[in-house]
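What follows is each chain in one-letter form.
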Amino acid sequence: MLRNISQQIHQDGEAQEAIEASLAQTFAERKQRNLAALAQYYPQLLDHVHVGFSEDCLSVFCTKAAQPNLVDFASGRCWYGVDGEAEVAREVDAYLSKAFKINLHDDDVIAPQEALSHYGGTTFVDVRSWCDQRVSPGPLPHTVPLMICFGLGLATYLDLFDRARSVEAYLVYEPSVDVFNTSLQTYDWAGFFERAIEQGRKVYLQIGNNAGSLDDDLKYIKSAHDIEEAFVYRHSCHPEMDACYQYLISRNYRWGDLIEGKVDLYPFHHPLDDVSPRSEDVYYLCRPSLSIEEQEKWREAKMRFFNNIQAFMQYYPNIAEAFYSYTPLAWHLFLDKEGCWNIYNSSRGVALYGYNASEAVDHEVEWFRKFPNKEDALLDNTGGKLWWYRHFFYVNQFRRMCKSDERKLSSMPDYVPGLILLGMGLGYQLQSLSQLHSLQNIYICEPNHDFFYASLYVVDWDSILSSTDKNGGRCYLNLGDDGSHLSSDLVGQFSRIGVYNVINAYIYQSYYHPVLQKAAFDLRNELKVLVSMGEYFEHAAYGLSHMQHVFAQGRTYLARRDIASQCSDSLGVPVIVVGNGPSLDENISFLKSNRDRFIVVSCGTALKPLYKSGIKPDFHAEVEQTYCTYKWISSIKDDDYLSDIVLLTINGVHPETAKLFGSVAMALKVGEGSTHAYEKSVCPESEFLSVEYSFPTVSNCALSLLSHFGFKEVYLMGVDLGYITPGEHHSKLSDYYVETSEGSRLEVYDFAKAHGMIAVPGNFRDYVYSKHEFRISAQIIERLLSCSPHLQCFNCSDGARINGAMPMKAGDIATSEAFDRQQWMSDFLQRGFHQPERSLGLFTGFNEYYNSMMFHADVRAFLSWLKRQDITSRKELELFSVRQREIFSQSLIRKHSLFFYFYWGSMSYITALIMKLGYLVDDEALCMEKVNQGIGLWIAYVEDTYQRYVIYPEKVESTNVVNPNW
């Protein structure tokens, strides 16, 4: 279960603060008494107290029921439910009647039970058969010679055992120092120790111990106290402790084997075996025997399974085929005492759902419906250095409208355009939400195949799939991923329907798992990066204007569609792609020594370090539209140096940047408005190369072009996409640093503070630091390489790992003979590219094809239609969205107007914001007021940008950058 802290505290902040304040003094006083008791009775434990907090990130908080609880403040996951006291009391009460006993001596050999059996007609292991492989539990006797406790938690169970039985000795294992530290605030250790002294009870607290010393501890206790038997209780789960616990209660347990070191135990670290720290033991949840009621439920479940398989055969046949004969690896379905379907882990003996699962799931669903988690990637996009664009001015107006009502945030509306389900378990939450709401698009990430398979017996997938299909949507399933592709796959799905639609998608995580936690974190950050790279009016307008200006310069070579075959005999030369990462400085000497053996492509700001080192690349790659690129490059005051270099780029590069170089080698970028406008008019796709995977960094652009050109051998140097030491994030020879009077190099600005720091796997080391844009860059390169079997890529950069690029030190490269690079470049440009005369002709043809009068007419007609809109209901709002898209599509069909290409991206973006306003609060009438205000902003947006364009249609981008080196 999720057990998120937000579900367990008051939504009223003042009420929660009052509860916390009322118990704060109690906690503080109790801790002081406990510390004094430790000093008196167990002074060795004070060392643990003074260690402080470990990596577990645990803390105490008070639930709305005024009870203490533990929370992992890194994830928000709580250990106990809202009423933790009742939960522990129920658990102890169940243990009193079903306690596990072990003997501290060897008995006659007990034959193992029969082989595991399965529920009839399924591949699930019968939970009772699994339980029979363990020691049969019995009532806990009145006198307990030794209680072995795995896990401490809040420690309140100790008092419950003391009241119910006479325990002569405790052996308690708690691996986490954090847990023990928190218990000093919540449990009366002083009283516990005093009772132990009075009653002669022995207490062995093994703090920071995962039960690895169990054999030695039991040998000592047995000899010291002449104990022949002990009882085993598990309060919390832990990978190492559970291995000990499962062995002790298994029929394979032998005292002699344990103390003689003959037992090999393996911790449960496999991702399939990850469980919550307070997972419920399946022994206390399963039914003792197979009843007629249970048989009937299994019959219904098998019928449901076959119906679901048929449904998947219709919509997703590959999934149906994969799971029709599937056998679970670790998790098996069972029916619990309450008549609810549950699933248990056959290695650790715990269930995914706890006691009264149905009620707990209903509570979580209702909480989510009342306080849904909706992504705000669009509202968070301020534009960065492009903040002055009119697009971001109007987005900021929408942000203010939304934030003004943030205290009255709405519950989930009846119609939900998108639901992202991170982990589905048995699918209870999905079933409920699909019945209570009209879900259009559902994105499901379930890393555990066992869970999805079991859901086919529990959830009515037939109705879910048919419902989304009826609503004009789809159900996207990412199953069995280890977490490395969850976020990128989701991003890919959003890209197909429009990244901007993510603003109306709700994110629901149904259970905790490290894979899902990381996926949720990555998804939110990567969507923000992708949204920031999406198209809108200025981007489209500058893209077209820049193409026209660059083509008019008469120096542009446009890549042929068949460049790889035209130049097949020239593409075996090795290429080095040079980025401006910090490890470039280590490879400068290699580049200088072997300059004539490679084609060298510099990327972005790497050109300055190469210039300072006396290295002239053959190509220089740029990808940005902004004037900033001109400022960076023009800081090299050497026209002869630049004029010998060919600019390698995609459409949209700034014309002033293009002028700096001798010539321009260009391909078209897939998905750009300017690309579509040219391809639909004067650039037949059969003649001109268009490339994918060319974003978000210039290194992506360079590598994408080289792959599409057909090169076979590429080395990456300085393409670090990360850094080892904060403050050393680019080449020290670059303009990211300024030289002081003492000769040292200082950062121009605090890079880590400005962009954040995340740890990612390293190429030559365990990890390096990076930022989210760089992380996406590495993922995009990985996708490119997976689609480029002809390309061998070697990563010589001491930065982020790039799967598919083989790590290789520059010194290990087997260098080839030097060759005539000038002749090679001339031949390559002649055979692989349309000559500059062709791009000049495209410039003329484009202006003749598109009719400015038709563009003006489309804008005026669209504005006239917008001004007539008066939305009064959410249904009308949906129709408004559909009608807008129809208007744009009709303009595209008519051809000869740039209206679609200029405004399609902005329309998608702003419509998503208007839709957000429509569901901002529960009051529909109030929302419609906001919607109409939003349409008013959209009208102002179109009028503003249109008027500016009419005044200066050939305007180029003008974002400036200041650097103390220039």
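Scoring rules and cut-offs
- Residues numbered from 1 in each chain as written.
- Predicted model: local features only at pLDDT ≥ 70, side-chain atom pairs only at ≥ 80, totals over all residues.
- Heavy atoms only, no water.
- Patch = residues over 30% accessible without salt bridge, like charges linked within 9 Å, V, L, I, M, F, W, Y side chains within 5 Å.
- Areas by Shrake-Rupley, 256 points an atom, 1.4 Å probe, with all protein chains shown as cover.
- Salt bridge = Lys/Arg side-chain N within 4 Å of Asp/Glu carboxyl O.
- Lys, Arg positive; Asp, Glu negative; His and termini not counted.
- Charge placed at Lys NZ, Arg CZ, Asp CG, Glu CD.
- Helix = DSSP H or I, 4+ residues; strand = E, 2+ residues; numbered from the N terminus.
- Buried < 20%, exposed > 50% of the residue type's maximum accessible area, 1.4 Å probe, protein only.
- Core = buried A, V, L, I, M, F, W, Y, C linked by side-chain atoms within 4.5 Å.
- Phe/Tyr/Trp six-rings, centres within 6.5 Å; stacked < 30°, edge-to-face > 60°.
- Lys NZ or Arg CZ within 6 Å of the ring centre and 35° of its normal.
- Pairing = 2+ DSSP bridges.
- Axes fitted to C-alpha atoms, helices over the stretch in contact; angles between N-to-C directions.
- Contact = heavy atoms within 4.5 Å.
- UniProt positions renumbered as here; feature names shortened; annotations may be inferred.
- Parallel < 35°, antiparallel > 145°, perpendicular 65-115°, else oblique.
- Nonpolar A, V, L, I, M, F, W, Y, C, P; charged D, E, K, R; others polar.

Comments concerning a negative patch on the surface
Piece 1. Together, Asp922, Asp923, Glu924 and Glu929 make up a negatively charged patch on the protein surface.
Piece 2. Take Glu924: it is sitting in helix 37 (residues 924–951).
Piece 3. Residue Glu924 is classed as partly exposed on the basis of its relative accessible area, which comes to 32%.

A few points about the pattern of salt bridges
Piece 1. If you walk through the whole model with that rule in mind, you get 38 salt bridges.
Piece 2. Lys222 serves as the salt-bridge partner of Glu228, at 2.9 Å between the closest nitrogen and oxygen.
Piece 3. Given the relative accessible area of 35%, Glu228 is considered partly exposed.
Piece 4. With its nearest N and O atoms 2.8 Å apart, the salt bridge here joins Arg894 to Asp858. With Arg894 in helix 35 (residues 874–894) and Asp858 in helix 34 (residues 852–867), this residue pair connects regions lying 36 residues apart in the sequence.
Piece 5. Look at Arg894 and you get partly exposed, because its relative accessible area is 43%.
Piece 6. A network of salt bridges, in which partner residues are shared, links Arg3, Glu87, Glu91 and Arg278.

With respect to the nonpolar core
Piece 1. Core analysis: the largest hydrophobic core is formed by 155 residues, its most contacted members being Met147, Phe161, Trp189 and Trp461.
Piece 2. Sort the elements by how many residues they give to this core and helix 17 (residues 449–458) lands first, with seven residues.
Piece 3. Met401, Leu866, Phe899 and Tyr909 belong to the second-largest nonpolar core, a separate cluster that totals 96 residues.

Observations concerning the packing of aromatic side chains
Piece 1. On inspection of all chains with the given rule, the structure shows 94 aromatic pairs.
Piece 2. Measuring from ring centre to ring centre gives 4.9 Å for Tyr849 and Tyr850, while their planes differ by 75°; the resulting arrangement is edge-to-face.
Piece 3. Sitting over the ring of Phe393, Arg390 keeps its end group 4.3 Å from the ring centre.
Piece 4. Above the face of the Phe764 ring, Lys809 is positioned so that its terminal group lies 4.1 Å from the ring centre.

Structural notes on the sheet that holds strand 8 (residues 169–174)
Piece 1. What the five strands build is an open sheet, ordered 4-10-6-8-9; its pairing is mixed. Of all the strands in the sheet, the pair left with one neighbour each is strand 4 (100–103) and strand 9 (202–207). Averaged over neighbouring strand pairs, the angle between their axes works out to 20° when direction is ignored.
Piece 2. Looking at chain direction, strand 6 (residues 147–150) and strand 8 are connected through four bridges and run parallel. Each residue of the ladder has a partner; that of Phe150, found in strand 8, is Tyr173.
Piece 3. Packed on one face of the sheet, helix 9 (residues 214–225) meets strand 6, strand 8 and strand 9 and runs near 170° to strand 8.

Remarks on the UniProt feature "domain: 6-hydroxymethylpterin diphosphokinase MptE-like" (unreviewed entry) in the protein chain
Piece 1. Mapped onto this structure's residue numbering, the UniProt feature "domain: 6-hydroxymethylpterin diphosphokinase MptE-like" (unreviewed entry) falls at residues 572–724.
Piece 2. For the annotated span residues 572–724, helix accounts for 34% and strand for 21% of the residues, and the straight-line distance between the end C-alpha atoms is 33 Å.

Notes on the environment of His549
Piece 1. As for its placement among the helices and strands, His549 is situated in helix 21 (residues 537–552).
Piece 2. In sequence terms His549 and Lys955 are 406 residues apart; their C-alpha atoms lie 9.8 Å from each other.
Piece 3. Ignoring sequence-local partners within four residues, the contact set of His549 consists of Pro655, Glu954 and Val956.

Quick notes on the sheet that holds strand 17 (residues 505–509)
Piece 1. With parallel pairing, the four strands of this open sheet are ordered in space as 16-15-14-17. Edge positions in the open sheet fall to strand 16 (475–479) and strand 17, since each of these has one partner strand only. Going from strand to strand, the sheet's axes swing by 15° on average, the running direction of each strand aside.
Piece 2. In the sheet, strand 14 (residues 415–422) pairs with strand 17 via five bridges, with the strands oriented parallel.

Remarks on helix 23 (residues 584–593)
Piece 1. When we look at burial in helix 23, the residues that qualify are Leu584, Asn587, Ile588, Phe590 and Leu591.
Piece 2. On the buried face of helix 23, the contacting elements are strand 19 (575–578), helix 24 (607–612) and strand 25 (713–717).

Quick look at unusual backbone geometry
Piece 1. Along the chain, Phe695 connects to Pro696 via a cis peptide bond; the corresponding omega equals 5°.
Piece 2. Tracing the backbone shows Pro696 in the loop between strand 24 (690–691) and helix 29 (698–709).
Piece 3. At Asp226, a position not held by glycine, the phi torsion is positive, near 50°.
Piece 4. Tracing the backbone through its elements, the reader meets Asp226 in the loop between helix 9 and strand 10 (229–234).
Piece 5. Although it is not a glycine, Asn356 adopts a positive phi angle of roughly 55°.

A look at the packing of helix 35 against helix 36 (residues 899–918)
Piece 1. The N-to-C vectors of helix 35 and helix 36 enclose an angle of 175°; their axes lie 10 Å apart at closest approach. Judged by the angle between their axes, helix 35 and helix 36 are roughly antiparallel. Contact residues: Arg874, Leu877, Glu878, Phe880, Ser881, Gln884, Arg885, Phe888, Ser891 and Leu892 in helix 35; Phe899, Phe900, Tyr901, Tyr903, Trp904, Met907, Ser908, Thr911, Ile914, Met915 and Gly918 in helix 36.
Piece 2. Residue composition of the contact of helix 35 with helix 36, by class: twelve nonpolar, six polar and three charged.

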